Amino acid sequence: VKREAGFIPTSRLEALTDGVFAFAMTLLVVNIELPEGFDPKTNREFLAKLADLSDTFTAYIITFFVLVGFWSGRAVETGEPEMASPAYTRVTLVHLLAVTFLPFSMLAVSRYDVAGAVWIYGANMILLAATALAISRIAARDSGRDRVEDGRIELGILILSAVLSMIASLWSPDDAMYFYLLNLATPLVKRTSVMR
């Protein structure tokens, strides 16, 4: 059953989405700051100081590729009506709110080796995943089409990795971010689920 959607042109939401993702990705790299008084005299000293930023680079790379994944998921979305429904618009705006918060949560988790920082980052990831799934479902409802691929597997693995990271932070906040590497298993999990 196709529902009439007529709140705002979908193209306007797509343009806003592209802009927000581009801005958030730019802010991620701006958050990588060299230490106070950074004045290396040799290559060895320079590389040693950069090695001190490994937590920041780890958080940056994870966050950047998460943003790329969400952006590309939105970019390949097809079958959306020309006009977005109020529900689609609201959930897209909440999703973009979570995107704009990512530079802050990345900065917190990269600077502070405490469970609270990991929890902020994890909550941000879970909100991103939940809103992305809601966007897909509302778009399917509004267009009257069933979505074969709605990102359920990818988003489920992201949520799982965020939850495991948050739990691990209670014992080892410094190593908790490595649970996001579970997302690298997504293609294998998808292939396995398709074979069933």
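Residues numbered from 1 in each chain as written. Predicted model: local features only at pLDDT ≥ 70, side-chain atom pairs only at ≥ 80, totals over all residues. Heavy atoms only, no water.

Draft legend 1. Broad picture of the pattern of salt bridges. If you walk through the whole model with that rule in mind, you get 2 salt bridges. In this structure, Asp-39 and Lys-41 form a salt bridge, with 2.7 Å as the shortest nitrogen-oxygen distance. Using a relative accessible area of 64% as the deciding quantity, one classes Lys-41 as exposed. (Salt bridge = Lys/Arg side-chain N within 4 Å of Asp/Glu carboxyl O. Buried < 20%, exposed > 50% of the residue type's maximum accessible area, 1.4 Å probe, protein only.)

Draft legend 2. Summary view of the confidence of the model for the protein. Overall, the predicted model of the protein reaches an average pLDDT of 84, with 89% of residues at or above 70. Ranking the helices and strands of the protein by mean pLDDT puts helix H4 (residues 86-111) first, with 92, and helix H7 (residues 186-195) last, with 73. Within the model, the stretch residues 1-5 combines pLDDT values under 50 with 12 contacts to residues more than four positions away or in other chains. (pLDDT = per-residue confidence, 0-100. Helix = DSSP H or I, 4+ residues; strand = E, 2+ residues; numbered from the N terminus. Contact = heavy atoms within 4.5 Å.)

Draft legend 3. View of the environment of Ile-32. Among the structural elements, Ile-32 can be located in the loop between helix H1 (10-30) and helix H2 (43-51). For the pair Ile-32 and Met-106, spaced 74 residues apart in sequence, the C-alpha separation works out to 9.8 Å. If we skip the residues at most four places from it in the chain, Ile-32 touches Thr-56, Phe-57 and Tyr-60.

Draft legend 4. Structural detail: helix H5 (residues 115-143). Compared with the 42 Å implied by 1.5 Å per residue over 29 residues, the 42 Å span of H5 between its first and last C-alpha is a close match. Positive phi shows up at Gly-144, right after H5, with a value of about 80 degrees. (Expected span 1.5 Å × (residues − 1).)

Draft legend 5. Representation of helix H6 (residues 152-168) within the structure. Given a rise of 1.5 Å per residue, 17 residues ought to cover 24 Å, and the 24 Å separating the end C-alpha atoms of H6 matches this to within 8%. Every buried residue of H6 is listed here: Leu-155, Ile-157, Leu-158, Ser-161, Ala-162, Ser-165, Met-166 and Ala-168.

Draft legend 6. Examining empty space enclosed by the protein more closely. A complete count under the given rule lists 2 cavities of 30 Å³ or more for this structure. Taken as a whole, the largest cavity encloses approximately 90 Å³ of empty space. Around the largest cavity, the lining residues are Asp-55, Thr-58, Ala-59, Val-109, Ser-110, Asp-113, Val-118, Pro-173, Asp-174, Met-177 and Tyr-178. Within the residue set of the lining of the largest cavity, elements represented by two or more residues are helix H3 (54-75) and H4. Here the lining of the largest cavity takes 3 residues from H3, the largest share from any one element. Considering only residue class, the lining of the largest cavity consists of 6 nonpolar, 2 polar and 3 charged. (1 Å grid on protein atoms, 1.4 Å probe; cavity = no way out; pocket = protein on both sides within 12 Å on 5 of 7 lines; lining within 4 Å. Points joined across faces, edges and corners; volume = space filled by probe spheres on them. Nonpolar A, V, L, I, M, F, W, Y, C, P; charged D, E, K, R; others polar.)

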